[in-house]
Amino acid sequence: MGSGERRGWIDWALAALSVLAVAGAMAMVFWYAPTERTMGEVQRIFYFHVASAWIGFLAFFVTFVGSVAVLLTRSRRWDRLALSSAELGVVFISMAIVTGSLWARPVWGTYWTWEPRLTISAVQWLIYVAYGMLRSSIDGRAREARFAAVYGVVAFVTVPLSWFAIRWWRTIHPTIIAGGDMAMTPRMVHTLLAAVVAFSVVYVTLLRARVRLERTRDDVDSSVR
């Protein structure tokens with residue numbers, strides 16, 4: 001079996017595993033996790049909201065690592081990884097913002113409020129959307145990679161800011177740490193972990209596909225030149 005064929009099998013296996021993992025997580029969300037006493041059924045959005053936010057943060061961390069590696073090695077391989085992960089990070093953070101808004105409407109009485117955590121999330125989303133716009137506006141692959149790498153390193157500051165916002169400032173955003181606003185039963189914890197694992201598999205599957213697409217783009221550009 002050649003390397004290309006082996007990669008194809010891995011991609012198909014990951015795609016199938018993604019479908020099964022998401023289906024399993026959804027089953028746990030709706031039939032295994034108990035109904036939260038205060039918020040009721042709407043709290044089930046929480047599992048998708050938190051999982052997508054965590055994977056968004058993971059994707060931006062991968063972009064940070066890839067950006068640092070680009071600055072150290074000037075390798076196009078790391079640049080492809082940073083770009084691909086940043087795009088997926090925007091997708092997952094967009095999911096987190098949408099699910100958070102849907103969760104907030106019946107709980108807070110509004111889809112959005114400009115409290116610290118949500119404000120930082122909005123700024124973070126705009127910053128990483130601008131990352132893609134920056135790359136498309138720069139001529140020259142090497143120059144684009146260098147500028148994007150510096151931007152990717154600086155942009156990562158928004159991740160710890162978002163994480164610590166509900167711990168540093170007064171905010172209505174719920175916390176799930178010990179002593180937080182929402183008591184997590186063992187079944188809730190199991191369901192949250194299942195959702196995070198499922199979204200992680202989806203992220204890895206999409207990341208491999210996006211990196212491969214970028215590699216194909218490089219091959220096409222090389223053949224044209």
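Anything mentioned here points back to the structure above.
A brief structural summary. In this text the structure is predicted, and so the values were computed from the model without any measurement. (Residues numbered from 1 in each chain as written. Predicted model: local features only at pLDDT ≥ 70, side-chain atom pairs only at ≥ 80, totals over all residues. Heavy atoms only, no water.)

## Looking at the nonpolar core
Working step 1: Counting residues in hydrophobic clusters, the biggest one holds 24 residues, and the most contacted among them are Phe 46, Tyr 47, Ile 55, Leu 192, Phe 199 and Tyr 203.
Working step 2: Of all the secondary-structure elements, those providing two or more residues to this core are α1 (3-32), α2 (45-73), α3 (76-108) and α7 (186-224).
Working step 3: In this structure Tyr 47 touches Val 29, Ala 33, Met 188, Thr 191, Leu 192 and Ala 195, once residues within four positions along its chain are discounted.
Working step 4: Phe 57, Phe 60, Val 90 and Val 159 belong to the second-largest nonpolar core, a separate cluster that totals 8 residues. (Core = buried A, V, L, I, M, F, W, Y, C linked by side-chain atoms within 4.5 Å. Buried < 20%, exposed > 50% of the residue type's maximum accessible area, 1.4 Å probe, protein only. Helix = DSSP H or I, 4+ residues; strand = E, 2+ residues; numbered from the N terminus. Contact = heavy atoms within 4.5 Å.)

## Description of helix α5 (residues 141-155)
Working step 1: Taking 1.5 Å per residue, 15 residues should reach 21 Å; α5 reaches 20 Å between its end C-alpha atoms and fits that length.
Working step 2: Considered for burial, the residues of α5 that qualify are Glu 144, Ala 145, Ala 148, Ala 149, Gly 152 and Ala 155. For α5, the arc enclosing every buried residue in end-on projection is 135°, short of the 170-degree limit, so these residues lie on one face. Exposed residues on α5 whose side chains face more than 90 degrees from its buried face are Ala 142 and Val 154. (Expected span 1.5 Å × (residues − 1). Arc of directions from axis to C-beta.)

## Some details on the packing of aromatic side chains
Working step 1: Scanning the entire structure with this criterion turns up 11 aromatic pairs.
Working step 2: Seen in terms of ring centroids, Trp 112 and Trp 114 are 5.4 Å apart; in terms of plane orientation they differ by 75°. Their pairing is edge-to-face.
Working step 3: Under the relative-accessibility criterion, Trp 114 is labelled exposed at 63%. (Phe/Tyr/Trp six-rings, centres within 6.5 Å; stacked < 30°, edge-to-face > 60°.)

## Things to note about the packing of α2 against α5
Working step 1: Two numbers describe how α2 lies on α5: the axes approach to 8 Å, and their chain directions differ by 135°. By the angle between their directions, the pair α2 and α5 is classed as oblique. Here α2 runs over α5; the crossing is left-handed. In contact with Phe 64, Ser 67, Val 68, Val 70 and Leu 71 of α2, α5 contributes Ala 145, Arg 146, Ala 148, Ala 149, Val 150, Gly 152 and Val 153. (Axes fitted to C-alpha atoms, helices over the stretch in contact; angles between N-to-C directions. Parallel < 35°, antiparallel > 145°, perpendicular 65-115°, else oblique. Left-handed = near helix turned anticlockwise from the far one by under 90°.)

## A short note on the pattern of salt bridges
Working step 1: Tallied over the entire structure, the rule returns 10 salt bridges.
Working step 2: A salt bridge links Glu 144 to Arg 135, with the shortest nitrogen-to-oxygen separation between them at 2.9 Å. When sorted by exposure, Glu 144 lands in the same class as Arg 135, which is buried.
Working step 3: With a closest N to O distance of 3.0 Å, Arg 210 and Glu 214 form a salt bridge. Here the residue Arg 210 and the residue Glu 214 both occupy positions in helix α7, the gap between them amounting to 4 residues, near one helical turn.
Working step 4: Residue class for Glu 214 comes out buried when judged on its relative accessible area of 2%.
Working step 5: Connected through salt bridges with shared partners, the residues Arg 76, Asp 79, Glu 87, Arg 135, Glu 144, Arg 210, Glu 214 and Arg 217 form a single ionic network. (Salt bridge = Lys/Arg side-chain N within 4 Å of Asp/Glu carboxyl O.)

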